[in-house]
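Residues per chain are reported as follows:
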Amino acid sequence: MQPGTKKLLRFLQSWIINTLAVALAVLILHGHIHCESNGVLMIAALLLGILNAFVRPILMLLALPLLIFTLGLFTLVINALLLYFVGFLLKPNFYVDSFGYAFLGALIISVVSIALNMMTGGARVTVQRRRPPPPKKSNDDDDKPVIDV
C-alpha cells in the first residue's frame with residue numbers, strides 16, 4: 001500500500017471514530033448538545049479534529065503548569081474548551097448549552113474515542129519488551145584485582 005493511501009485511510013478512520021464519539025455525546029446529552037443533521041455532525045467532528053491537531057498542542061503548552069499540577073486532568077478542560085468553541089463556530093446548527101455540558105461531552109468523546117481506537121487497532125499505546133542482555137564472557141583478566149588510579 002502506498003504511504004499516501006495509508007495516511008488517507010488513517011485520517012478517514014480517525015474522522016469516523018471522532019464522528020461516532022461526537023454522535024454518542026449528542027445522543028447522551030440530547031437536550032444540551034444540539035445538532036441539526038448528520039452532515040453538520042460530520043462537519044463538527046472534522047472541525048473538532050482540526051482544532052485538536054493544531055490548537056490543542058498550543059493550549060497544552062500554555063497550560064503546562066496546570067497539567068502538571070492536576071496530573072493531566074486539566075486536559076479534560078482543554079477538550080471541553082475546544083468542544084465549546086466548535087459549538088460557538090457552528091452556532092445555529094451545532095451548539096453546546098454551557099461549559100459544564102461541554103465538559104461532560106468532552107469526557108464522553110474521550111472515553112468513546114479511546115475505546116474505539118483500541119478496538120480498531122488505531123491506538124498508539126505500544127508495549128515493547130526487551131531481551132535480556134547476553135551473559136558476559138569470562139576472561140582471565142576478570143579474576144584479577146583492579147586498581148584504578
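Residues numbered from 1 in each chain as written. Predicted model: local features only at pLDDT ≥ 70, side-chain atom pairs only at ≥ 80, totals over all residues. Heavy atoms only, no water.

We now examine the overall build of the protein chain. Of the regular secondary structure elements, the protein chain holds six helices and two strands. With 149 residues in all, the protein chain has 25% of them scored as buried. Of the contacts formed within the protein chain by residues at least 6 apart in sequence, a portion of 64% connects residues at least 24 apart. (Helix = DSSP H or I, 4+ residues; strand = E, 2+ residues; numbered from the N terminus. Buried < 20%, exposed > 50% of the residue type's maximum accessible area, 1.4 Å probe, protein only. Contact = heavy atoms within 4.5 Å.)

With that settled, consider the nonpolar core. The biggest cluster of nonpolar side chains holds 28 residues, and the ones touching the most others in it are Val-22, Ile-33, Leu-48, Leu-83, Val-86, Phe-94 and Ile-109. Among all residues touching Leu-48, those that are not within four sequence positions of it are Asn-18, Val-22, Leu-82, Leu-83, Val-86 and Ile-109. (Core = buried A, V, L, I, M, F, W, Y, C linked by side-chain atoms within 4.5 Å.)

Next up on the list: the packing of aromatic side chains. For the structure shown, the criterion picks out two aromatic pairs. Ring centres 6.4 Å apart and planes at 20° place the aromatic pair Phe-85 and Phe-88 in the stacked group. Of this pair, Phe-85 and Phe-88 are both found in helix H5 (residues 74-89), three residues apart, which corresponds to roughly one turn of the helix. Residue Phe-85 is classed as partly exposed on the basis of its relative accessible area, which comes to 38%. (Phe/Tyr/Trp six-rings, centres within 6.5 Å; stacked < 30°, edge-to-face > 60°.)

Let us now look at the side chain of Asn-18. Here Asn-18 is to be found in helix H1 (residues 3-28). In this structure Asn-18 comes out as buried when scored by relative accessible area, which is 11%. A polar side-chain atom of Asn-18 sits 3.0 Å from the main-chain carbonyl oxygen of Ala-45. (Polar contact = N/O pair within 3.5 Å; in protein donor to acceptor, adjacent residues only side chain to side chain.)

Quick look at a nonpolar patch on the surface now. A cluster of nonpolar side chains, Met-1, Leu-8, Leu-9, Phe-11, Leu-12, Ile-16 and Leu-20, forms an exposed patch at the surface whose accessible area comes to about 720 Å². Within the secondary structure, Ile-16 sits in helix H1. You can call Ile-16 exposed: its relative accessible area is 51%. (Patch = residues over 30% accessible without salt bridge, like charges linked within 9 Å, V, L, I, M, F, W, Y side chains within 5 Å. Areas by Shrake-Rupley, 256 points an atom, 1.4 Å probe, with all protein chains shown as cover. Salt bridge = Lys/Arg side-chain N within 4 Å of Asp/Glu carboxyl O.)

Before going further, it helps to examine the side chain of Thr-19. Relative to the helices and strands, Thr-19 resides in helix H1. Sequence-distant contacts of Thr-19, that is, excluding residues within four places in its chain, are made with Leu-41, Met-42 and Ala-45.

Compared with an ideal rise of 1.5 Å per residue, which puts 16 residues at 22 Å, H5 spans 23 Å between its outermost C-alpha atoms and is within 8% of the ideal. Buried residues of H5: Thr-75, Ile-78, Asn-79, Ala-80, Leu-82, Leu-83, Val-86 and Gly-87, and no others. On its buried face, H5 is in contact with strand E1 (33-35), helix H2 (38-54), helix H3 (56-62), helix H4 (64-69), strand E2 (94-96) and helix H6 (99-120). (Expected span 1.5 Å × (residues − 1).)

This part is about unusual backbone geometry. Even without being a glycine, Leu-71 presents a positive backbone phi close to 55°. By the secondary structure assignment, Leu-71 is in the loop between H4 and H5.

Attention shifts here to the environment of Val-22. Here Val-22 is to be found in helix H1. With 23 residues separating them in the primary sequence, Val-22 and Ala-45 have C-alpha atoms 6.5 Å apart. For Val-22, the contacting residues outside a window of four places in its chain are Leu-41, Ala-45, Leu-48, Phe-94 and Ile-109.

Over its 17 residues, H2 runs 24 Å from end to end, which matches the ideal 24 Å to within 8%, given 1.5 Å per residue. Among all positions in H2, only Val-40, Leu-41, Ala-44, Ala-45, Leu-48 and Leu-51 are buried. An end-on view of H2 places all buried positions within 140° of arc, on one side of the element. Structural note: H2 exposes Asn-38 and Phe-54 on the side pointing more than 90 degrees away from its buried face. (Arc of directions from axis to C-beta.)

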